[in-house]
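For reference, the chains in residue letters:
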Amino acid sequence: MLTINNKQKKYTPFLKGKYEVSPGLFPLALDFKSTDPDHHIIQIDENIYKYLKNKQECRDDDITKYYRKHDEDSNSVKAANKFVLKHITETYPQYFQLAKNNGINSLKCLLTEKLITFTDNYELIENTEFLSLYDALSSQVPEDLVICQLTENNDWLSTIHLCSPSYWCAEEKIGMNFEQVHNPVPGMERMIQNYRPMIEAVVRKGPFFRFIWELNTDTTLNHATKNKVSLNPHYWQEKKFDINNPELYVRVERQSIVGFPDTNAFLFAIRTYHTPVKDL
């Protein structure tokens, strides 16, 4: 296990004390060469192994519960793979090493000790562990990765790799459009009435980031109870609040978005952080 010196960022969007459902999109000054994680969509830090362990547990459970596809655009998936590969190899060359030999691309992932080989068309070669290159890359980083596809008159979640969900699961959301995804969220009525210009701007402009937050009684990453996780409930079921031994955490999600105008899609990355309320 490698020693990671990068400190995890502490994000506190909850300090103003107001829960909001507005888009809250902020420009993200993406810079692969920067040492400041605020300029990155993918953040590798001291807690990386917690996230990688959770992703492996999801795979041990049944990765098809967490990785779902619906009417994928192969060019959008390729664009996402190219972006993630470029990001991790240029930002974290000490953990990800890319080489090419005899027309075969090889990504050496030192954090997981995996070797991922793929073609120039971004297709896996001789691999029985991962279902696709998208699955393989998503399993090497702490963020959950989702692709939203747009056409002239429609939009939908076409690819979801979701191992740290907060009470929702890939199966129930895959194929849904923005309105269907957000209908259950209180206060979203006004936004979903005219959301199309916003998601079109996400594709053409950006990248962007935003935060959402809630309270949890533990620091479990995978709370998708609807997935019927077959592993010990200790791994995913939120604890009941115990007044005699109180534990409470603010769960913050940093949601980063980068658009692919050439394929009319965007990649949505979700990273989860926990802050103990007693430390505030």
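Residues numbered from 1 in each chain as written. Predicted model: local features only at pLDDT ≥ 70, side-chain atom pairs only at ≥ 80, totals over all residues. Heavy atoms only, no water.

**Q** Whenever I open this one, helix α1 (residues 48-62) confuses me. Can you help?
**A** For an α-helix the count is 3.6 residues per turn, leaving residues at separations of three or four pointing the same way. For α1, spanning 15 residues, the distance from its first C-alpha to its last is 21 Å, which sits close to the expected 21 Å at 1.5 Å a residue. Among the structural elements, α3 (133-138), β6 (144-150), β7 (155-161) and β10 (265-276) are those in contact with the buried residues of α1. (Helix = DSSP H or I, 4+ residues; strand = E, 2+ residues; numbered from the N terminus. Expected span 1.5 Å × (residues − 1). Contact = heavy atoms within 4.5 Å.)

**Q** How do you make sense of helix α2 (residues 74-91) when you look at a structure like this?
**A** With 18 residues, α2 ought to run about 26 Å at 1.5 Å a step, and its terminal C-alpha atoms sit 26 Å apart, in line with that. Every buried residue belonging to α2 is among Ser-76, Val-77, Ala-79, Ala-80, Asn-81, Phe-83, Val-84, Leu-85, His-87, Ile-88, Thr-89 and Thr-91, and all of these are buried. The residue sitting at the N-terminus of α2 and contributing the capping side-chain oxygen is Asp-73; that oxygen lies 2.8 Å from the backbone nitrogen of Asn-75. (Buried < 20%, exposed > 50% of the residue type's maximum accessible area, 1.4 Å probe, protein only. Polar contact = N/O pair within 3.5 Å; in protein donor to acceptor, adjacent residues only side chain to side chain.)

**Q** Could you clarify how one ought to interpret the pairing of strand β8 (residues 208-216) in this entry?
**A** Successive residues of a regular strand alternate their side chains across the two faces of the sheet. Here strand β1 (residues 26-27) runs beside β8; their pairing, made up of two bridges, is antiparallel. What sits directly across from Pro-27, in β8, is Phe-208. Sheet topology note: the β8/strand β9 (residues 249-260) ladder contains nine bridges and is antiparallel. Across the sheet, Phe-209 pairs through a bridge with Ser-256, a residue of β9. (Pairing = 2+ DSSP bridges.)

**Q** I would appreciate a short explanation of the environment of Asn-153 in the present structure.
**A** Here Asn-153 is to be found in the loop between β6 and β7. Relative accessible area serves as the criterion here: at 71%, Asn-153 is assigned to the exposed category. Distance in space between the C-alpha atoms of Asn-153 and Arg-196 is 9.4 Å, their sequence separation being 43 residues.

**Q** Would you explain the packing of aromatic side chains in this entry?
**A** The description of two aromatic rings rests on the distance between their centres and on the angle between their planes. Scanning all chains against the criterion turns up eleven aromatic pairs. Note on Phe-209 and Phe-211: the rings are 5.7 Å apart at their centroids and 75° apart in plane angle, and the pair reads as edge-to-face. The exposure class assigned to Phe-209 is buried, which follows from its relative accessible area of 18%. In this structure an aromatic cluster arises from ring pairing among Tyr-11, Phe-26, Phe-209, Phe-211 and Tyr-273. Residue placement shows Arg-254 over the ring face of Phe-209; its charged tip is 5.7 Å from the ring centre. For the cation-ring pair, Arg-271 lies above Tyr-51, with the distance from its terminal atom to the ring centre recorded as 4.2 Å. (Phe/Tyr/Trp six-rings, centres within 6.5 Å; stacked < 30°, edge-to-face > 60°. Lys NZ or Arg CZ within 6 Å of the ring centre and 35° of its normal.)

**Q** In this structure, what is going on with the nonpolar core? I would like to understand it.
**A** Note on soluble globular proteins: their nonpolar side chains tend to be buried together. If you look at the biggest cluster of nonpolar residues, it comprises 43 residues, and the most contacted ones within it are Phe-96, Leu-107, Leu-111 and Leu-267. Going through the elements one at a time, α1, α2, β4 (104-109), β5 (114-118), α3, β6, β9 and β10 are the ones with two or more residues in this core. No other element matches α2, which puts seven residues into this core. Each residue touching Leu-267, except ones within four places of it in the same chain, is listed here: Ala-80, Phe-83, Val-84, Tyr-134, Leu-145, Val-146, Ile-147, Ser-256, Ile-257, Val-258 and Phe-260. Membership of the second largest hydrophobic core comes to 19 residues, among which are Leu-157, Ile-199, Phe-208 and Phe-266. (Core = buried A, V, L, I, M, F, W, Y, C linked by side-chain atoms within 4.5 Å.)

**Q** Whenever I open this one, the pattern of salt bridges confuses me. Can you help?
**A** Pairing is possible between side chains of opposite charge, provided their charged atoms come close. Summed over the entire model, instances satisfying the criterion amount to twelve salt bridges. Between Lys-86 and Glu-90 there is a salt bridge, and its shortest N-O distance comes to 2.7 Å. Separated by four residues within a single helix, Lys-86 and Glu-90 lie in helix α2, roughly one turn from each other. When its relative accessible area of 43% is taken as the criterion, Lys-86 is described as partly exposed. Among the ionic pairs, Arg-251 bridges to Glu-253, the shortest N-O distance being 3.9 Å. A residue is classified by how much of its surface remains accessible, and Arg-251, at 1% relative accessible area, is buried. (Salt bridge = Lys/Arg side-chain N within 4 Å of Asp/Glu carboxyl O.)

**Q** So what exactly am I meant to see when it comes to the sheet that holds β4 here?
**A** The strands making up a sheet are joined through hydrogen bonds of the backbone, oriented either antiparallel or parallel. Across the sheet, which stays open at both edges, the three strands sit in the order β3-β4-β5 with antiparallel pairing between neighbours. The open sheet has two free edges, formed respectively by β3 (96-101) and β5, since each of these has just one partner strand. Across the sheet, the mean angle from the axis of one strand to that of its neighbour is 20°, orientation sign disregarded. Two strands pair when backbone bridges link them, and β4 and β5 are joined in this way by five bridges, in the antiparallel orientation. Each bridged residue has a counterpart across the sheet, and for Leu-107 the counterpart in β5 is Ile-116. (Axes fitted to C-alpha atoms, helices over the stretch in contact; angles between N-to-C directions.)

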